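Spelled out, the chains give:
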Amino acid sequence: MKFSRSPLAWATAPLGIALPTSLQAAPPAGASPILSAVTWMQNTLLGEVASGVAVIAVAVVGFMMLSGRLNWRYGATVIVGCFILFGAATIVGGIRSAAG
C-alpha cells in the first residue's frame, strides 16, 4: 500500500502497518488555491531562472575563492547549499526508499 503524508501513516510506517486508502489523509476542502500557489512557488524556485542564478552564484563564489577574497569555508557552504537545494527531491526520494 502507498503511504500518505498523514501523521498516522508516519507513525505506523516503522511498525510495517499499512493504512487502508480510506484512512489516508486527503487534501482539505479549499486547499486547491493553496496547493496551486505552493506548486507555483516550487516551480519558480527550481525553474530555469533559479538554475541560471545558481550557476552565476557558484561561478562568482568560485572566482572569489580563487582570488583570495572569500573564505574557502563560506564558499564551500554556498556551493553545498546549491547542491542541496536543487537535489532536495532526489535526497528525499533516497531517504524514502531507504525507509520503506
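Undergrad: Give a description of the environment of G75 that names residues and reports values.
TA: Among the secondary structure elements, G75 is positioned in helix α4 (residues 72-86). Accessibility expressed as a relative area gives 0% for G75, which makes it buried. It is 6.6 Å that separates the C-alpha atoms of G75 and M65, two residues lying 10 residues apart in sequence.

Undergrad: Go over α4, please, and point to the residues and values.
TA: Between its terminal C-alpha atoms α4 stretches 21 Å, which fits the 21 Å expected from 15 residues at 1.5 Å a residue. The distance from a side-chain oxygen at the start of α4 to the backbone nitrogen of R73 is 3.3 Å, and the residue carrying that oxygen is N71.

Undergrad: I'd like a description of the confidence of the model for the protein, backed by residues and values.
TA: Averaged over every residue, the pLDDT of the protein is 76; residues scoring 70 or more account for 72%. Within the protein, the element-level pLDDT minimum falls on helix α1 (residues 7-12), averaging 48, and the maximum on helix α3 (residues 48-67), averaging 88. Across residues 8-12, where pLDDT falls below 50, the model places nine contacts with residues more than four positions away in sequence or in other chains.

Undergrad: Describe in detail the environment of G81, supporting the description with residues and values.
TA: The topology assignment puts G81 in helix α4. What makes G81 partly exposed here is its relative accessible area of 33%. Taking the C-alpha atoms as reference, G81 lies 10.0 Å from A54; in sequence the two are 27 residues apart.

What counts and what doesn't
- Residues numbered from 1 in each chain as written.
- Predicted model: local features only at pLDDT ≥ 70, side-chain atom pairs only at ≥ 80, totals over all residues.
- Heavy atoms only, no water.
- Helix = DSSP H or I, 4+ residues; strand = E, 2+ residues; numbered from the N terminus.
- Buried < 20%, exposed > 50% of the residue type's maximum accessible area, 1.4 Å probe, protein only.
- Expected span 1.5 Å × (residues − 1).
- Polar contact = N/O pair within 3.5 Å; in protein donor to acceptor, adjacent residues only side chain to side chain.
- pLDDT = per-residue confidence, 0-100.
- Contact = heavy atoms within 4.5 Å.

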